[in-house]
Every structure is written in C-alpha cells, then in structure tokens.
Amino acid sequence: MTITAEDRAALLDHDRRFFDALVSGDVPALERLLADDFVLVSIEDGAIARPDALLGLISSGSLRFPAIESFPEEAIVRRIGDTGIVVGRTAMNFTGPDGGTFTASSRYTHVFARTPDGTWHLHSAQGTTIRP
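Rules used throughout
Residues numbered from 1 in each chain as written. Predicted model: local features only at pLDDT ≥ 70, side-chain atom pairs only at ≥ 80, totals over all residues. Heavy atoms only, no water. Helix = DSSP H or I, 4+ residues; strand = E, 2+ residues; numbered from the N terminus. Contact = heavy atoms within 4.5 Å. Areas by Shrake-Rupley, 256 points an atom, 1.4 Å probe, with all protein chains shown as cover. Lys, Arg positive; Asp, Glu negative; His and termini not counted. Charge placed at Lys NZ, Arg CZ, Asp CG, Glu CD. Phe/Tyr/Trp six-rings, centres within 6.5 Å; stacked < 30°, edge-to-face > 60°. Buried < 20%, exposed > 50% of the residue type's maximum accessible area, 1.4 Å probe, protein only. Polar contact = N/O pair within 3.5 Å; in protein donor to acceptor, adjacent residues only side chain to side chain. Pairing = 2+ DSSP bridges.

The next thing to look at is the overall build of the chain. Each helix and strand counted, the chain has 3 helices and 7 strands in total. Secondary structure of the chain in N-to-C order comes out as α-α-β-β-α-β-β-β-β-β. Across the chain, contacts joining residues at least 24 apart in sequence account for 52% of those joining residues at least 6 apart. For the chain, the exposed area adds up to about 7200 Å²; of that, 53% sits on carbon and sulfur atoms. With 12 positive and 18 negative side-chain charges, the chain shows a separation of 4 Å between the mean positions of the two kinds.

The structure is reproduced here in structure tokens:
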C-alpha cells in the first residue's frame, strides 16, 4: 500500500513527539502518545517495559534521555489499514536507573495504530544497536 505524504508526515510527527517527550521527561505528553498496551523492548538488553514502568522511571528521573537525534529523512514509513510502521535510525544518550550512562546508535521500529477519531498511538517500540 502506498503511503500518502499526509500519513508519512503525521507518523513522523508522532515519532518526533515521542523522542521529544523522552528528552524533556514530559510524562503527560508520553501518556497521550502511548497506547495502554504499549511495549518497549530495550535497545540495551532486550528487556520489556510496559507504560507504567517506563513512565514511572521517567517521572522519578531514574531514566533520562539527555539527547536523542533521529534521522526522519532516512525513515521507512508504511501504513497498513489503521496501522503505521516507522523504521528509523537514532543516535541517543541515556542514563539508566542504576546511574550508568549509555550512548547508542540504533535502528528502531515503532508501531502505531490510529483510533477512530484519527489519533495515532504508539503500541510498540524496539531498538537494535548499530555496531560501529
């Protein structure tokens, strides 16, 4: 299915808003963007985090993302019915709950679903480290 320019722009906008909310620690914005059944698969160790756990770590400051750079011009964006898929690339810095800092380049897949009112929600995010 061919994606329209409007759908591509909307999905990349939601992708950017997700990264911006992580960097700013904006829990209310994340709550608006994430689906209730959201699953994050960690880039570092493959651990699974559900929305409550992720939002709790971010609101407490235990998990911080000082910088996330994405490359939307490289993104592969698809839409299948009410599902949008973004495969992109990031360079990020984050601090984990144990205080350890990490820098990673990654390729990620984000899966969005559109609600009847036209809002996109992020249901799944998984990153894979790009090794130098």
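On to the packing of aromatic side chains, then. All chains considered together, the criterion is met by 5 aromatic pairs. Ring geometry for Phe19 and Tyr108: centres 5.3 Å apart, planes at 85°, overall edge-to-face. Remark: Tyr108 occurs in strand 6 (residues 101-114) and Phe19 occurs in helix 1 (residues 5-24); sequence separation between them is 89 residues. Where Phe65 meets Phe94, the ring centres are 5.8 Å apart and the plane angle is 35°; that geometry is what we call tilted.

Turning next to the environment of Arg89. Looking at the element boundaries, Arg89 is found in strand 5 (residues 83-95). Judged by its relative accessible area of 23%, Arg89 falls in the partly exposed class. When the C-alpha positions of Arg89 and Ala67 are compared, they lie 14 Å apart, and in sequence the two are 22 residues distant. Non-local contacts of Arg89, meaning those with residues more than four positions away in its chain, are made with Glu69, Ser70, Phe71, Glu74, Ser106, Arg107, Tyr108 and Ile130. Separated by 2.7 Å, the side chains of Arg89 and Glu74 make a polar contact.

Moving on, we come to the side chain of Asp7. Here Asp7 lies in helix 1. Classification of Asp7 as buried rests on a relative accessible area of 12%. For Asp7, the side chain forms a polar contact with the side chain of Arg79, separated by 2.7 Å.

Our next topic: the side chain of Arg79. Tracing the sequence through the fold places Arg79 in strand 4 (residues 76-80). Engagement of the side chain of Arg79 in a polar contact is seen with the backbone oxygen of Gly81, the distance being 2.6 Å.

Pairing geometry for strand 5 and strand 6, over 13 bridges, is antiparallel. The partner of Gly84 across the bridge, within strand 6, is Phe112. Connecting the antiparallel pair strand 5 and strand 6 is a turn made up of 5 residues, with Gly99 showing a positive phi of about 90°. Counted along the chain from strand 6 to the antiparallel partner strand 7 (residues 120-129), the turn is 5 residues long, and its residue Gly118 has a positive phi close to 95°.

What follows concerns the environment of Phe18. When you line up the elements, Phe18 lands in helix 1. Of the residues examined, Phe18 reaches a relative accessible area of 4% and is grouped as buried. Considering only alpha carbons, one finds Phe18 and Arg32, 14 residues apart in sequence, at a separation of 9.7 Å. With residues near it in sequence (within four places) discarded, Phe18 still touches Leu30, Leu33, Leu34, Phe38, His110 and Leu122.

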